[in-house]
Amino acid sequence: MTLWQSRLSAPPADALLAFTESLSFDQKLWRFDIQGSRAHVHGLTRAKLLDEEESASLLEALDSVYSELETGNFRFLPSDEDIHTAVERRVTELIGDVGAKLHSGRSRNDQIALDLRLYARSAISAISHGVVEFLSMIADVAEAAGDAVMPGYTHTQRAQPVPIGHYLLAHGWAMRRDLDRLLAAYGRMDVSPLGAGALAGTTLAIDPEFTANELGFATAFLNSFDAVSDRDFIVEILFNIALLGVHLSRFAEEIVMFTTEEFGFFRLDDAYSTGSSMLPQKKNPDIAELARGKTGRYVGNLVSLLVTLKGTPLTYNRDLQEDKEPLFDSVEQMTRELVAFQGMVSTMTFDYERLRQAASSEYLQAIDIAEYLVTNGVPFRRAHGVAAGLVRDSLERRVPLRELVGAHPQLGEEAMSLIEADAAVRRRSAAGGASIDSVVAQLKRYRQELHDLRGLVATLNTNPVE
Ligand code: ARG
């Protein structure tokens, strides 16, 4: 029997049940569903809609269902449409009529909105923890690289020498913004929808603020329509995961490229590489490639929910059931991705010598020659022309740039020392630039911010069941 069978004169068609069920994927929410039901029982008791005995009996039945589910002994029935139905059906089996009081003043519409917010809270917390660990690993790897240099690229063409730490921290700062966004999203979704009923609240004297507080939410809903139909918090998580995924994907693309024999800059640890089933010599960067590949899913999940929401009038519509699979998928994939990617980067080694050689091409210092002239009063446009002319000359006549610089009347001996990778990263002193000093300053600031963020993440509500 479905919950709504009494209204209809015919039992549901198998095809209807097969198409509309959500149990196969919303089972995942069982802990949160029971947590919400416990709070609801407390609310009903406080409103004197349940006496102490009924209340105790309901809580005990919920505990039994909890352990049945936890130990894998819960038997789902074909008529269980979703997790809410399954739990309530079992509670009623266990304690009869008292069980039938559980759903007073509640609809599955506020119930699912609540379950999802509880899940979302835990999910944000889990992903935020993962990002904090990742950020801290980046700081360690950047610090360990010391003053080692590598070429920086634009258009995938060698551009200027930079400290490796500067490159790594760039990825760190991007993900630090992701963490900021996750925390802000958490703040916006910290609202309990319980008590909104189907759409308009209830005539029963329950107090949404009481249950909100009991569930550790900052506040209760202000508008019941909004409470049952708002899925913005899921869109926000999906967006945050998509952008985090894009950041990791860009990093992954560099790892794929830089570990090739052609570049030979980075080397992956064997534990974080895969082999080929056919080609004996292969060592493949599968984690990085999959991190790049999963981005399609993350973006797809975000777009999928936005499109689902687009056509839904207020308030609840069954379309909203389509919010869950994208959410679960992105959260689960990203949780695993963060751990695997972190392991890959923390065990990766750098071929410092090769990176240094690549960064030491004379032409990468051409801008430093131009800027040397600028400090001697030459207008930049003219200085640029001089340096570019020397590069062209050097290439055409196959004479080292260094020699041409030494022989140039406006440059000479002193300027020759600029043609060296280390010179540029030492001299580039403007704040935030790619210099050794900047990396030291950045690391200090980065670690401070990370420390504060770690503190904030630790306060997020994760525990699914009290
Ligand atoms: N499985 C439903 C969902 O995920 C639960 C809410 C059902 N509400 C309803 N009025 N049919 O959205």
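Residues numbered from 1 in each chain as written. Predicted model: local features only at pLDDT ≥ 70, side-chain atom pairs only at ≥ 80, totals over all residues. Heavy atoms only, no water.

Engineer: Can you tell me about the side chain of Q365, naming the residues and giving the values?
Structural biologist: One can find Q365 in the loop between α13 (352-359) and α14 (366-375). At 3.4 Å, the side chain of Q365 and the backbone oxygen of A359 are in polar contact. (Helix = DSSP H or I, 4+ residues; strand = E, 2+ residues; numbered from the N terminus. Polar contact = N/O pair within 3.5 Å; in protein donor to acceptor, adjacent residues only side chain to side chain.)

Engineer: Go over the side chain of N109, please, and point to the residues and values.
Structural biologist: Along the chain, the position of N109 falls in helix α6 (residues 108-144). In this structure the side chain of N109 is engaged in a polar contact, spanning 3.1 Å, whose partner is the backbone oxygen of A198.

Engineer: Tell me about the environment of M348, and name the residues and values.
Structural biologist: Residue placement: M348 occurs in the loop between α12 (324-346) and β6 (349-350). A relative accessible area of 6% means that M348 is categorised as buried. Taking the C-alpha atoms as reference, M348 lies 4.6 Å from L268; in sequence the two are 80 residues apart. Apart from the residues within four sequence positions on either side, M348 is in contact with I255, F266, R267 and L268. (Buried < 20%, exposed > 50% of the residue type's maximum accessible area, 1.4 Å probe, protein only. Contact = heavy atoms within 4.5 Å.)

Engineer: A description of the UniProt feature "domain: Argininosuccinate lyase C-terminal" (unreviewed entry) in the protein should follow, citing residues and the corresponding values.
Structural biologist: Under the local residue numbering, the UniProt record ascribes the feature "domain: Argininosuccinate lyase C-terminal" (unreviewed entry) to residues 363-407. Split by type, residues 363-407 is 78% helix and 0% strand. Its first and last C-alpha atoms lie 17 Å apart. (UniProt positions renumbered as here; feature names shortened; annotations may be inferred.)

Engineer: Explain the packing of helix α3 (residues 30-46) against helix α4 (residues 52-70) to me, using residue names and the numbers behind them.
Structural biologist: Contact geometry for α3 and α4: axes closest at 10 Å, N-to-C directions at 175 degrees. It follows that α3 is roughly antiparallel to α4 by the angle criterion. Contacts between α3 and α4 pair W30, R31, I34, S37, R38, V41, H42 and T45 from the former with E52, S55, L58, L59, L62, D63, V65, Y66, L69 and E70 from the latter. Its residues assigned to classes, the contact of α3 with α4 shows 9 nonpolar, 4 polar and 5 charged. (Axes fitted to C-alpha atoms, helices over the stretch in contact; angles between N-to-C directions. Parallel < 35°, antiparallel > 145°, perpendicular 65-115°, else oblique. Nonpolar A, V, L, I, M, F, W, Y, C, P; charged D, E, K, R; others polar.)

Engineer: Explain the packing of α4 against helix α5 (residues 83-95) to me, using residue names and the numbers behind them.
Structural biologist: α5 packs onto α4 with a crossing angle of 120 degrees between their chain directions and a minimal axis gap of 9 Å. It follows that α4 is oblique to α5 by the angle criterion. Considering the relative orientation of α4 and α5, their crossing is right-handed. Residue-level contacts link S57, L58, A61, L62, S64, V65, E68 and L69 of α4 to V87, R90, V91, L94 and I95 of α5. (Left-handed = near helix turned anticlockwise from the far one by under 90°.)

Engineer: Can you explain the site of the ligand? Please cite residues and give values.
Structural biologist: As a matter of local geometry, the ligand sits amid S22, D82, H84, R108, N109, I112, Y316, Q321 and K324. Interatomic distance of 3.0 Å between a side-chain N/O atom of S22 and a nitrogen atom of the ligand. A distance of 2.8 Å separates a nitrogen atom of the ligand from a polar side-chain atom of Q321. Across the shell around the ligand, the residue classes break down as 2 nonpolar, 4 polar and 3 charged. (Near = heavy atom within 4 Å.)

Engineer: So what about the layout of surface pockets? Which residues, and what values?
Structural biologist: Space inside the largest pocket adds up to approximately 500 Å³. As for the largest pocket, its lining consists of 20 residues, of which Y167, A170, H171, R250 and E254 are closest to the centre. Listing elements by their share of the lining of the largest pocket, those giving two or more residues are β1 (149-154), α7 (164-189) and α10 (232-258). Of the residues belonging to the lining of the largest pocket, the class tally is 9 nonpolar, 7 polar and 4 charged. By volume, the second largest pocket amounts to about 330 Å³. (1 Å grid on protein atoms, 1.4 Å probe; cavity = no way out; pocket = protein on both sides within 12 Å on 5 of 7 lines; lining within 4 Å. Points joined across faces, edges and corners; volume = space filled by probe spheres on them.)

Engineer: Can you explain the pattern of salt bridges? Please cite residues and give values.
Structural biologist: Opposite charge on two side chains permits them to pair, given that their charged atoms come into close proximity. The tally for this structure, following the rule as stated, stands at 29 salt bridges. Between R38 and D63 there is a salt bridge, with the nearest N and O atoms lying 2.6 Å from each other. Here D63 lies in helix α4 and R38 lies in helix α3, a separation of 25 residues in the sequence. Assessed through its relative accessible area of 15%, R38 is described here as buried. Taking relative accessible area as the criterion, D63 reaches 39% and is therefore assigned partly exposed. A salt bridge links D190 to R121; the shortest N-O distance between them is 3.8 Å. With D190 in the loop between α7 and β3 (191-192) and R121 in helix α6, the pair connects residues that are 69 residues apart, well separated along the chain. Accessibility classification places D190 together with R121 in one group, the buried group. One salt-bridge network, held together by shared partners, links E68, D80, R89, R90 and E93. (Salt bridge = Lys/Arg side-chain N within 4 Å of Asp/Glu carboxyl O.)

Engineer: Before we move on, could you go through empty space enclosed by the protein and cite the residues and values that matter?
Structural biologist: Any empty space left between the atoms is revealed when a probe the size of a water molecule rolls over them. Enumeration according to the criterion identifies 1 cavity of 30 Å³ or more in this entry. Empty space within the largest cavity amounts to approximately 40 Å³. If you trace the largest cavity, you find it lined by H40, G43, L194, G195, I206, D207, P208 and T211. Among the secondary structure elements, those contributing two or more residues to the lining of the largest cavity are α3 and α8 (208-214). Its residues placed into classes, the lining of the largest cavity shows 3 nonpolar, 4 polar and 1 charged.

Engineer: If you had to explain the pairing of strand β2 (residues 157-163) to someone new, which residues and values would you point to?
Structural biologist: Where β1 lies against β2, 6 bridges are found, and the strand directions are antiparallel. When the sheet's bridge partners are listed, M150 is paired in β2 with V162. The loop that links β1 with its antiparallel partner β2 comprises 2 residues; one of these, H155, has a positive phi angle of about 55 degrees. (Pairing = 2+ DSSP bridges.)

Engineer: I'd like a description of the environment of R231, backed by residues and values.
Structural biologist: With respect to the helices and strands, R231 occurs in the loop between α9 (224-229) and α10. The spacing of R231 and L116 is 115 residues in sequence and 9.1 Å in space, taken between C-alpha atoms. If we skip the residues at most four places from it in the chain, R231 touches I112, A113, L116, L305, L309, Y316, L320 and D323. From its side chain, R231 meets the backbone oxygen of V228 in a polar contact 3.3 Å long.

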